Amino acid sequence: MDKASRRKQEQQALSATSGATVRTGCGGDPRALGQEALGRLLRSNAPGRLSLAGAYAFGYGELGYAQVKGTGPDWYHEIDPLDALFLGTFWPGKFRDEFEFANARDAWLRLLRGTVHGKGIQRFVREVVSTSEELGIPVNDGSLMLALAGRLEAAGLDQRRLPRRLLPGAALQGRRAVCGPALDLQLPGPPEDAKEQVGRFWRKTTEKSWAYDTPQAVLRAGLRRFQDAGLAVEQELGVLLPALYAALMAKPGEPLEDMGEHAWAWALSVDEASTLVPVLDILLVAPELGMSVAETLGHLFAVPAFTEPIPSDALLWTSSPGLALSRLAFELGIPEVSMRESVVTPDLLDWLGMRIRMRLSAAVRESADDLEESDSTDSADGTDGTLEESGERWAERRKAVREAVLYKVRKKSVEAESMHRRFDRSVERIWNADGSSVVRISTDSPHGQRLRAALEGQLVAFREKFGREPGPGDPVFFDPDADQPTGLTKAYFDDMMLDMAERAIEMGIDPAFFHASREVGYVVTAENRSAFTTAEVLAFDRALARHRQARG
């Protein structure tokens, strides 16, 4: 199908997805106004000659076309308005999967920062959130995305065209975020004592002798886990990057067979300016160069960042659709964003990323045959615009870093489960494939006994307040001022944390503990530490350190 035909079909798809409310002369119906605006934007813009509003119209058209034809990948269901805008900037090009899409999106947004178009993106985000608030519709709801189109012209987002050099097809060619490290990357030479350092790396030592927040320590912990799962980690080069990811970012319920793919995506998502990039690049290119594990570790010891704390900007998963809009909104000072899943606040970004990542992974496993067919179709579209010089070359690079985990761990699935089981823990979080979880606390532990007493106290308070036993839908912790059983809101918990922080010194507790808990959205203690990923623990510890420093 040529581009003109496809564009015509996408315009038809817009009408098909808008339903009966889409008519001219429908007064102030936001959906009708949005449909009319989409028509104008599609007529006044064209691929290569796009405003931000026009890009949004083309992205929305692509989504509508895919919905009507049933041709869209699973990750299209996770797209929000900012994703749709980016999708439109690259139309009619295709992305191979959600990881390439999200990493390309974030790299493109970084390129726009500080430019007039970056300010346009900020205006776009504000329009999305204000439209959501006015209509009471989540930002990633289809009705909101249609109504939004009617607001973009008035916001001035159709007045300035994006220069071709800033469109993703040109701006992202050869970029690390989508193509990986340069093929001619020069690795730093190993230090003179590399052999001794590598030997110490493998030698068993007490954890206290290692700074647990460095790539060296985290990689070592991940390799130990993989070794417990039955992998020959000293010989299998392909497990190095997945081991780092597994020990730092992966939730306990994340299938091992996904970790190779997720590790690659995460490694490419890190900003090129980050000090962690040289470490990640060595792990990415080593399989291609046929280096041994010992040789790779030797090169890593030549990079200062390998033994320095991991940058905080690398601790958050971003390689999925549906994540960038909220992040930008929070940077702009917007306190919360309403999404279909929940009202998202800054402390819930990690939760949101994890849920989307695991949900999409589960969908991929359920439709593996369809995915293979879609991949072959996307490769054939290379002349229509892809971000890598060769589909085959891209596939080979990815295969090199994921193969060991993806296939060999599958064969050892029973042993691999030991990575997620810790029977001696008093607090354990059990993760499901979709990212939901249940916390189990041993009633034999001091922590469990205190929690049990608190729950029994809540039951007594519930009976005294409402004169009955709590039912299945009643909250355990309820608003004491409400006439009916009402769950406590985040605002309530935030206020409670602030109140406790003010009284913390009287209780003999560091106030920074409560401020850090309020910032990240959870509490890490010695008893429950094992229920969190290393990235979550680091985020909490660093928030704690910041608030302690702020107090002087």
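Residues numbered from 1 in each chain as written. Predicted model: local features only at pLDDT ≥ 70, side-chain atom pairs only at ≥ 80, totals over all residues. Heavy atoms only, no water.

1. Concerning the overall build of the protein
Counted only if it meets this: Runs of E in the DSSP output that reach at least two residues are strands. Runs of H or I that reach at least four are helices, and both are numbered from the N terminus. Burial classification: accessible surface area is computed with a 1.4 Å probe over protein chains only, and a residue below 20% of its type maximum counts as buried, one above 50% as exposed, and the rest as partly exposed. Should any heavy atoms of two residues lie within 4.5 Å, those residues are counted as being in contact. With residues, only the protein chains shown are counted as cover, and all accessible areas are computed by Shrake-Rupley using a 1.4 Å probe.
From N to C terminus, the protein includes 24 helices and four strands. By residue count, 49% of the 552 residues in the protein fall in the buried class. Long-range contacts, defined as pairs at least 24 residues apart, comprise 66% of the intrachain contacts of the protein with a sequence gap of at least 6. Accessible area for the protein stands at about 25700 Å²; split by element, carbon and sulfur atoms hold 51% of it.

2. Quick word on helix H13 (residues 256-269)
Spelled out, the test is: Working rule for helices: expected span equals 1.5 Å times residues minus one. What is called the bend at a residue is the angle between a pair of axes, fitted to the seven residues leading up to and ending at it and to the seven starting from it.
The end-to-end C-alpha distance of H13, which contains 14 residues, comes to 20 Å, matching closely the 20 Å that a straight helix rising 1.5 Å per residue would cover. Its maximal kink placed at His262, H13 deviates by approximately 30°. The element H13 is extensively covered by neighbouring structure, given that 13 of its 14 residues are classed as buried.

3. So, the packing of helix H6 (residues 116-135) against helix H7 (residues 142-152)
As a reminder of what qualifies: Axes here mean lines fitted to C-alpha atoms, for a helix over just the part in contact, with angles spanning 0 to 180 degrees between N-to-C directions. For classification purposes, angles smaller than 35 degrees are called roughly parallel, those larger than 145 roughly antiparallel, those between 65 and 115 roughly perpendicular, and all remaining angles oblique. For any pair of crossing helices, the crossing counts as left-handed if the nearer helix is rotated counterclockwise from the farther one by less than a right angle, and right-handed if it is rotated clockwise. Here the term charged refers only to Asp, Glu, Lys and Arg, the term nonpolar to Ala, Val, Leu, Ile, Met, Phe, Trp, Tyr, Cys and Pro, and the term polar to all other amino acids, Gly among them.
Packing of H6 against H7 leaves a shortest axis separation of 10 Å and a crossing angle of 120°. Considering the angle they form, H6 stands oblique to H7. Like other packed secondary-structure pairs, H6 and H7 cross with a definite hand, here right-handed. On H7, the residues touching Phe124, Glu127, Val128, Ser130, Thr131, Ser132, Glu134 and Leu135 of H6 are Leu144, Ala147, Leu148, Arg151 and Leu152. Its residues assigned to classes, the contact of H6 with H7 shows seven nonpolar, three polar and three charged.

4. Section: the pattern of salt bridges
Once their charged atoms are close, side chains differing in charge can pair, the charge on each being opposite to the other. Rules: When a carboxyl oxygen of Asp or Glu lies within 4 Å of a side-chain nitrogen of Lys or Arg, that pair is called a salt bridge.
Per the counting criterion, the structure on display carries 25 salt bridges. The partner of Arg161 in a salt bridge is Asp158, with the nearest N and O atoms 3.5 Å apart. In this structure Arg161 comes out as partly exposed when scored by relative accessible area, which is 35%. With its nearest N and O atoms 2.7 Å apart, the salt bridge here joins Arg176 to Asp281. Of the two residues, Arg176 is situated in helix H9 (residues 176-179) and Asp281 in helix H14 (residues 277-289); the sequence distance between them amounts to 105 residues. Connected through shared salt-bridge partners, Asp83, Arg105, Asp106 and Arg327 make up one network.

5. So, a nonpolar patch on the surface
Applicable threshold: Residues enter patches when they are more than 30% accessible in relative terms and free of salt bridges; like-charged ones are connected within 9 Å and nonpolar ones (Val, Leu, Ile, Met, Phe, Trp, Tyr) within 5 Å.
On the surface, Tyr492, Phe493 and Met496 cluster together into a nonpolar patch covering about 240 Å² of accessible area. Structurally, Phe493 can be placed in helix H22 (residues 490-503). Judged by its relative accessible area of 37%, Phe493 is partly exposed.

6. Describing helix H10 (residues 194-202)
The following threshold applies: Picture the helix axis, draw a direction to every C-beta atom, and the arc is the one those directions span.
Of the positions making up H10, those classed as buried are Ala194, Gln197, Val198 and Phe201. Down the axis, H10 shows its buried residues gathered within 100° of arc, on one side only.

7. Digging into the packing of helix H5 (residues 98-112) against H13
At a minimum axis separation of 10 Å, H5 and H13 run at an interaxial angle of 5°. Between H5 and H13, the angle falls in the class roughly parallel. Residues Phe99, Asn103 and Arg110 of H5 form the contact with H13, whose own contacting residues are Glu261, His262, Ala265, Leu268 and Ser269. Residues belonging to the contact of H5 with H13 are distributed by class as follows: three nonpolar, three polar and two charged.

8. Topic: the confidence of the model for the protein
For the record, the criterion: Every residue is assigned a pLDDT by the predictor, reflecting its confidence on a scale from 0 to 100.
A residue-level look at the protein finds 78% of positions with pLDDT of 70 or above and a mean pLDDT of 81. Ignoring residues within four places in sequence, the model shows residues 9-26, a span with pLDDT below 50, making 38 contacts including any to other chains. Counting interchain partners and residues more than four positions distant, the pLDDT-below-50 stretch residues 371-384 has 10 contacts.

9. Notes on the nonpolar core
Selection criterion: Take the buried residues of types Ala, Val, Leu, Ile, Met, Phe, Trp, Tyr and Cys, join any two whose side-chain atoms come within 4.5 Å, and each joined set is a nonpolar core.
Tyr56, Trp108, Ile121, Leu219 and Trp266 are the most contacted members of the largest nonpolar core, which has 120 residues in total. Of the residues forming this core, the biggest block, nine residues, is contributed by helix H3 (residues 52-69). Here Ile121 is in contact with Leu52, Leu82, Leu85, Trp108, Leu109, Leu112 and Leu328, once residues within four sequence places are set aside. Among the nonpolar cores identified, the runner-up in size contains 11 residues, and Val524, Val537, Phe540 and Leu544 belong to it.

10. Describing the packing of aromatic side chains
How two aromatic rings sit relative to each other is set out by the distance from centre to centre and by the angle between their planes. Applicable threshold: Aromatic rings from Phe, Tyr and Trp, taking only the six-membered ring of Trp, are treated as a pair when their centres fall within 6.5 Å; an angle between ring planes under 30 degrees marks them as stacked, one over 60 as edge-to-face, and anything in between as tilted. Note on geometry: a ring has a charge over it if NZ (lysine) or CZ (arginine) is within 6 Å of the ring centre and within 35 degrees of the ring normal.
All told, the structure shown has 21 aromatic pairs when counted by the stated rule. Each ring, one from Tyr245 and one from Trp317, has its centre 6.3 Å from the other, and the planes form 65°; the classification is edge-to-face. Of this pair, Tyr245 sits in helix H12 (residues 240-248) while Trp317 sits in the loop between helix H15 (293-300) and helix H16 (324-331), placing them 72 residues apart in sequence. Its relative accessible area of 0% is what places Tyr245 among the buried residues. Judged by its relative accessible area of 3%, Trp317 is buried. Centroid distance Phe513 to Phe514: 5.8 Å. Interplanar angle 90°. Geometry classified as edge-to-face. The rings of Trp75, Tyr76, Phe86, Phe90, Phe95, Phe101 and Trp108 are connected pair by pair, giving a single aromatic cluster. Over the ring of Trp317 we find Arg357, and its NZ or CZ is 4.8 Å from the ring centre. Between the NZ or CZ atom of Arg529 and the centre of the ring of Tyr212, over which it lies, the distance is 5.5 Å.

11. Comments concerning the environment of Gln216
Turning to its location among the elements, Gln216 is positioned in helix H11 (residues 215-228). Measuring from C-alpha to C-alpha, the distance between Gln216 and Pro309 comes to 9.4 Å, with 93 residues separating the pair along the chain.

12. What about the side chain of Ser319?
The line we're drawing: For the purposes of these results, a polar contact is taken to be a pair of N or O atoms within 3.5 Å, where, inside protein, one atom must be able to donate a hydrogen and its partner to accept one; residues adjacent in sequence count only when each atom of the pair is a side-chain atom.
Its location among the elements puts Ser319 in the loop between H15 and H16. We classify Ser319 as buried; its relative accessible area is 0%. Polar side-chain contacts of Ser319 include one of 2.8 Å to the side chain of Asn103. Within polar-contact distance, the side chain of Ser319 engages the backbone oxygen of Ala265 at 3.2 Å. Once residues within four sequence positions are removed from consideration, Ser319 is found in contact with Glu98, Phe99, Ala102, Asn103, Ala265, Trp266 and Ser269.

13. Re unusual backbone geometry
In this model, Trp91 is joined to Pro92 through a cis peptide bond whose omega is 5°. Inspection of the secondary structure assignment puts Pro92 in the loop between helix H4 (81-90) and H5.

14. With respect to the side chain of Asp106
Locating Asp106 in the fold gives a position in helix H5. Polar contacts involving the side chain of Asp106 include one to the side chain of Arg327, which spans 3.1 Å. What Asp106 contacts, discounting residues up to four positions off in sequence, is Thr318, Ala324 and Arg327.

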